[in-house]
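Commentary on secondary and tertiary structure
If you want the building blocks of each chain, they are given just below.
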Amino acid sequence: MTGFGRGVAEHGGARATVDLRAVNHRFLDLKVRAQIAPALEDQVATKIRASLERGSVSVTVNLARPPGTSGIRATIDEVAAHRAHDQLQRLAAKLGLPAPDLALVLAQPGVVATAEEVLDDSEALDAAILAALEHALAQLHAMRAAEGRALEREVLGRLDELGRIRAGIAGQAAGVAEQLHHKLRERLARLLGDAAFATTTVAGGPAPGGIGVVDPSRLAQEVALLAERADITEELVRLDSHLEQARAIATGTAASGRKLDFLVQEIGRELNTIGSKSQRTEISAAIVEAKSVLEKLREQVQNVE
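Residues numbered from 1 in each chain as written. Predicted model: local features only at pLDDT ≥ 70, side-chain atom pairs only at ≥ 80, totals over all residues. Heavy atoms only, no water.

What follows covers the overall build of the chain. For the chain, the count of helices and strands is nine helices and six strands. Classification of the 305 residues of the chain by burial places 34% in the buried group. A total of about 17800 Å² of accessible surface is found on the chain, and carbon and sulfur atoms cover 53% of it. (Helix = DSSP H or I, 4+ residues; strand = E, 2+ residues; numbered from the N terminus. Buried < 20%, exposed > 50% of the residue type's maximum accessible area, 1.4 Å probe, protein only. Areas by Shrake-Rupley, 256 points an atom, 1.4 Å probe, with all protein chains shown as cover.)

This part covers the pairing of strand 3 (residues 28-33). Judged from the six bridges that link them, strand 3 and strand 4 (residues 55-64) form a sheet pairing that is parallel. What sits directly across from Leu30, in strand 4, is Val57. With helix 1 (residues 38-51) bridging strand 3 and the parallel strand 4, this β-α-β connection has left-handed handedness. (Pairing = 2+ DSSP bridges. Right-handed = clockwise from strand over helix to strand, strands pointing away.)

This part takes up the packing of helix 1 against helix 4 (residues 122-173). Running from N to C, helix 1 and helix 4 cross one another at 20°; their axes reach a closest spacing of 11 Å. By the criterion of interaxial angle, the relationship of helix 1 to helix 4 is roughly parallel. Seen along the crossing, helix 1 lies across helix 4 with a hand that is right-handed. Two secondary-structure elements touch here, helix 1 through Leu40, Gln43, Val44, Lys47, Ile48 and Ser51 and helix 4 through Asp126, Ile129, Leu130, Leu133, Glu134, Leu137 and His141. Considering only residue class, the contact of helix 1 with helix 4 consists of seven nonpolar, three polar and three charged. (Axes fitted to C-alpha atoms, helices over the stretch in contact; angles between N-to-C directions. Parallel < 35°, antiparallel > 145°, perpendicular 65-115°, else oblique. Left-handed = near helix turned anticlockwise from the far one by under 90°. Contact = heavy atoms within 4.5 Å. Nonpolar A, V, L, I, M, F, W, Y, C, P; charged D, E, K, R; others polar.)

The subject of this paragraph is the sheet that holds strand 1 (residues 3-11). Backbone-to-backbone hydrogen bonds join strands into a sheet, with any given pair of strands oriented parallel or antiparallel. On the basis of which strands lie adjacent, the open sheet formed by four strands has the order 1-2-4-3 and mixed pairing. Looking at the sheet topology across the chains shown, the edges are occupied by strand 1 and strand 3. Strand-to-strand twist in this sheet, taken as the mean axis angle between neighbours without regard to direction, amounts to 15°. This element, helix 4, spans strand 1, strand 2 (14-23) and strand 4 of the sheet and lies at about 150° to strand 1.

Structure (structure tokens):
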């Protein structure tokens, strides 16, 4: 899920601004861009990982130190100053110029060294950063919650589509045995002729004309065997269970992305099994439609927290 959050906080005169940017990712990929102490960076990462489960998240921290915690400290190298003064004085004497003053000596390279002096304000900065992070996380969650409500409607709509297709497949599956019986009779009639289904048999073997007679009980056994192989009752029951679980998870309040990922895989597994077992063109067409809906569902589930 995508989102943005910004938090600003001050503590002890220190001011921190934390920006959080999150885009879709299957797992949690965290990047912290800040010049802060490793221990504080670990605290920031721990808070984010406790709050988010998925997404590519980047963290940017900007700091403003309190007044008086930094300044420029100047030091004079007296040896370099004496050396510069002597050289300038000899040059001035040769040129008939006045002796050099202090300002000219201090202006020579290496005489004055400057450095930024930073006082210890780490506690104030750490507190400001952590407080700003809390505000940023709150904004990010609010934005992702709004997206989550839209995703929930989309996911439930796809699950309803799959439920309707599943109901249609169940209706088509109810007539599988009758269809198999009809097809088997048609094949035998084409191979053996209409006499294959004569109700009387000739003792000792085939009927007149050399055409065998089909035993109705044997035909019923063959139909039962084929119907058992094509039976998709268990797959339909599991498919219905997966759809119900997915609806419950999608409407819940806990993080559900990974659970939905798993259920989408299981739904696809059941659809594949039904498609491989079924011999009805209507069911095969329904499976193709269901897989198309499932792929759209899979794409949306990747965005769920």
